[in-house]
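A closer look at the structure
Single-letter residue listing:
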Amino acid sequence: MKRFWFEHSFVDAEGGYDAWGASVAADFDGDGIPEYATGGRGGGFFHVYDLEPQSLQWTRHVITHDFNPCVGAAAVDVDGNGCCGLFCGEWGERYFYLVPKGGIDRWEYQEVGRGPRYPHDIVSGDIDGDGREEVIVREKDGVLLVFRPPVKSGGPWNALEIANSLAGDGTCLAPLSGKGLDIVTNQGWFRNVKGDGTVWKWHPLIPKGLQWDRETRIAAGDVDGDGRLEVVITESEIEQARLAVLHPTAANRAWEVEVLLDKAADFKAFHSLQLADLDGDGNLEIFTGEMENGKTDGVTSRPRWLCLARNKSGNWETHVLLDKNLGTHCAVAADFDGDGRIDLVGKVWRANKVNGNSGRNHVDFLHNVG
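The structure reproduced in this document is the subject of the present report. Worth saying up front: this structure is predicted, and the values here are computed from it rather than measured.

The rules behind these values
- Residues numbered from 1 in each chain as written.
- Predicted model: local features only at pLDDT ≥ 70, side-chain atom pairs only at ≥ 80, totals over all residues.
- Heavy atoms only, no water.
- Pairing = 2+ DSSP bridges.
- Helix = DSSP H or I, 4+ residues; strand = E, 2+ residues; numbered from the N terminus.
- Axes fitted to C-alpha atoms, helices over the stretch in contact; angles between N-to-C directions.
- Salt bridge = Lys/Arg side-chain N within 4 Å of Asp/Glu carboxyl O.
- Buried < 20%, exposed > 50% of the residue type's maximum accessible area, 1.4 Å probe, protein only.

1. Thoughts on the sheet that holds strand β11 (residues 134–139)
Read from one edge of the open sheet, four strands run β10-β11-β12-β13, paired in antiparallel fashion. The two strands at the open ends of the sheet, each matched to only one other strand, are β10 (119–125) and β13 (158–166). Geometrically, the sheet is characterised by an average inter-axis angle of 15° between neighbouring strands, direction not taken into account.

2. Remarks on the pattern of salt bridges
Evaluation of the coordinates by the stated rule reveals 20 salt bridges. A salt bridge links arginine 94 to glutamate 90; its shortest N-O distance comes to 2.8 Å. Residue glutamate 90 is classed as buried on the basis of its relative accessible area of 11%. We note a salt bridge from aspartate 266 to lysine 268, for which the minimum N-O separation is 3.0 Å.

3. Description of the sheet that holds strand β22 (residues 270–276)
In a beta sheet, neighbouring strands pair by backbone hydrogen bonds and run either parallel or antiparallel. Taken together, the four strands give an open sheet; going across it, the order is β22-β23-β24-β25, and neighbouring strands pair in antiparallel fashion. Looking at strand neighbours, the two that pair on one side only are β22 and β25 (316–322), the edges of this open sheet. Averaged over all adjacent pairs, the angle separating strand axes in this sheet is 25°, with direction ignored. Of the strand pairs in this sheet, strand β24 (residues 305–310) and β25 are connected by six bridges, and their pairing is antiparallel. Bridging across to β25, tryptophan 305 finds its partner in leucine 322.

4. Brief notes about the pairing of strand β20 (residues 243–247)
Extensive coverage of β20 is indicated by the burial of five of its five residues. Note that strand β19 (residues 230–235) and β20 share four bridges and pair antiparallel. Counted as the bridge partner of isoleucine 233 is alanine 244 from β20. In this sheet, strand β21 (residues 256–261) lies alongside β20 in antiparallel orientation, the contact comprising five bridges. When the bridges of β21 are listed, leucine 246 appears paired with valine 257.

These figures capture arrangement, not role.
In structure tokens form, the structure reads like this:
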């Protein structure tokens, strides 16, 4: 059996605020190592946390208290120069682009447009091949949009509607068709027909008979080493949540389903999903974790952080990475200390009254020690 070694510490154990979302890992200060950003309600906050690699101590920097970031956010390189800003929406119709100015202690932001009031999924990528990233915004139970940055800095972002109503949530970008980046959702995937983001064609993904819950997390990658991209999907808000790998079929057929964690496994609300090589062997593992916020209660059900990995025989094994009564929501995978190993950082949406941090909100660091 494979071995995964992670050490837990708190990025932020002070709690406070409410509805922590906008979870992003990116290099915002240009030092070659990613930082971690998150924000939410409770007076409005957006923080970025920077890790000192030697001491493994995190420093919190305040981006703004001027608005309440919603669930989704993405790092965006609008100029193609390797410098990242942040794109997010509020609990409302305004959308913002935030940029660090001379380091992560000082940020500027502008309202770049208006859109749906519940931007649950926000992802970024160069969908038209011009070297600059666009932003895909998915409203929970609503519209799917592509926002294009202006040619000149400071101008409004133009929005293109891809679909006017999609049930639930769960969105990622992946080159499924081999022609540019396609948009993958729990309600099917949208092919980038010309590779320039101007024409999109819907294709089925999940078989209807599977009766998958409409609230999901979704990611794409070659998780079985066959040279083709698979789609991994979880159920993110329900008890007895499932996790499955979807294998590609003909373009107009639903994909083949391999359920790795079924209802009988009795896991709760997999609202985190990342595909990453956690042990450095060149193969992708599947990371997920259970929520707090009453999905687990911290008493009869304690949230865990999990890794699913294929063994030498090609069979999937489930590994528990953290079992300290600390749930997670929209956790991200990145090398936060620059040692070449992929670490994990996640935060709660809302804390359980009983948890491993005295019932308070928390941000957690799983340091990959090999």
